[in-house]
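# Residue-level structure breakdown
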Amino acid sequence: MDELVRFALSTGFTHAVLLDDLTLECEERLREYCNPKGCRNHGNNWVCPPGCGTLAECAEKVSAFHRGILLQSVSVLKPLFTDYRGLNRKHNLRLREFIEKYCAGQMDVFTLTSGGCIFCDTCTYPEPCVKPDIRMNSLSAYGIDVGKLCEKAGLEYAFQPDRVYYVALTLFN
Ligand code: SF4
């Protein structure tokens, strides 16, 4: 499994930490951030409500996993202009490479990140998902507290004026 950490770091993640004994809690207060007013992905993507299912259905899916790798991209901000969406996309492009090269077809994985799934240029929703086994599910739709995850991994995750943190979690058995 140390190999998986090496693969993740070689893909460009700033940090990669294996987590054991995971019991993920799906919290309603965090799911509330997923709403049609707050996010343009709502109702347009398989990984966002309503496509991703109810919070109870999400909780059931992640309850099947108790191990994972936390992947963090840390970006230093430019003083006058920061393209947050672009930085999130770079993080997810890294994630796509990691999943496709090192995980797909080799293990049963379930991935969560921020910013929506980017496997397709345009999500096929509501037509069937083209990569249901490896798609990038949403941490916020699953009501997962990213701060708690980072704390468990011993990683920093707090508002900083000069840097931003993007996080993904790939679960496996
Ligand atoms: S793999 Fe494609 S169809 Fe499936 S959730 Fe991702 S973007 Fe949508």
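In what follows, the accompanying structure is described. Everything numeric here is computed off the predicted structure, so don't read it as measured data.

Before going further, it helps to examine the pairing of strand β2 (residues 67–76). With five bridges connecting them, strand β1 (residues 15–19) and β2 associate as antiparallel partners. By the bridge assignment, Leu-19 is partnered in β2 with Gly-68. In the sheet, β2 pairs with strand β5 (residues 163–172) via ten bridges, with the strands oriented antiparallel. What sits directly across from Leu-70, in β5, is Leu-169.

Lining the immediate surroundings of the ligand are 13 residues, of which Trp-46, Cys-117, Cys-120, Cys-123 and Cys-129 lie closest. Considering only residue class, the shell around the ligand consists of nine nonpolar, two polar and two charged.

What follows covers the nonpolar core. What tends to happen in soluble globular proteins is that the nonpolar side chains get buried as a cluster. Ranked by internal contacts, the top residues of the largest apolar core, which has 35 residues, are Leu-71, Tyr-142 and Ile-144. Taken together, the elements giving at least two residues each to this core come down to α3 (55–62), β2, α4 (84–103), α5 (146–153) and β5. If near-sequence neighbours (up to four positions away) are discounted, Tyr-142 is found in contact with Cys-26, Cys-58, Val-62, Leu-112 and Asn-137.

Okay, α5 next. Listed in full, the buried residues belonging to α5 are Val-146, Leu-149 and Ala-153. All buried residues of α5 project into a common sector of 60° when viewed along the axis, lining one side. Among the exposed residues of α5, those pointing more than 90 degrees away from its buried face are Gly-147 and Glu-151. Contact partners of the buried residues in α5: β1, β2 and β5. Two residues or fewer after α5 comes Gly-154, characterised by a positive phi angle close to 75°.

Moving on, we come to unusual backbone geometry. A cis amide bond links Pro-49 to the next residue, Pro-50, at an omega of 0°. Among the secondary structure elements, Pro-50 is positioned in the loop between α2 (28–31) and α3. At the junction of Tyr-125 and Pro-126, the peptide bond is cis and its omega measures out at 5° in the coordinates. Of note, the phi angle at Asp-21 is positive, near 50°, even though the residue is not glycine. Note that Asp-21 resides in the loop between β1 and α2.

Before going further, it helps to examine the sheet that holds β1. Spatial strand order, β1-β2-β5-β3-β4: five strands in an open sheet with mixed pairing. Two strands bound the open sheet, and with one partner strand each, they are β1 and β4 (136–138). Across the sheet, the mean angle from the axis of one strand to that of its neighbour is 25°, orientation sign disregarded.

Between the first and last C-alpha of α4 there are 27 Å, a value that for 20 residues agrees with the 28 Å anticipated at 1.5 Å per step. Listed in full, the buried residues belonging to α4 are His-91, Asn-92, Arg-94, Leu-95, Phe-98 and Ile-99. Relative to the axis of α4, the buried residues are bounded by an arc of 150° and lie together on one face. In α4, the exposed positions angled more than 90 degrees off the buried face are occupied by Arg-85, Gly-86 and Lys-101. Among the residues trailing α4, Gly-105 stands out with phi positive, at a value near 80°.

Each pair of packed helices can be summarised by the angle the axes make with each other and by the distance between the axes. Closest axis-to-axis distance for the helix α1 (residues 2–11)/α4 pair is 9 Å, and the angle between their directions is 140°. Put simply, α1 runs oblique to α4. Of the two possible hands of crossing, α1 and α4 adopt the one that is right-handed. Seen from α1, the contacting residues are Leu-4, Phe-7, Ala-8 and Thr-11; seen from α4, they are Arg-94, Glu-97, Phe-98 and Tyr-102.

Procedures and definitions
- Residues numbered from 1 in each chain as written.
- Predicted model: local features only at pLDDT ≥ 70, side-chain atom pairs only at ≥ 80, totals over all residues.
- Pairing = 2+ DSSP bridges.
- Helix = DSSP H or I, 4+ residues; strand = E, 2+ residues; numbered from the N terminus.
- Near = placed C-beta within 6 Å.
- Nonpolar A, V, L, I, M, F, W, Y, C, P; charged D, E, K, R; others polar.
- Core = buried A, V, L, I, M, F, W, Y, C linked by C-beta atoms within 7 Å.
- Buried ≥ 20, exposed ≤ 12 C-beta atoms within 10 Å, placed from the backbone.
- Contact = placed C-beta atoms within 7 Å.
- Arc of directions from axis to C-beta.
- Axes fitted to C-alpha atoms, helices over the stretch in contact; angles between N-to-C directions.
- Expected span 1.5 Å × (residues − 1).
- Parallel < 35°, antiparallel > 145°, perpendicular 65-115°, else oblique.
- Left-handed = near helix turned anticlockwise from the far one by under 90°.

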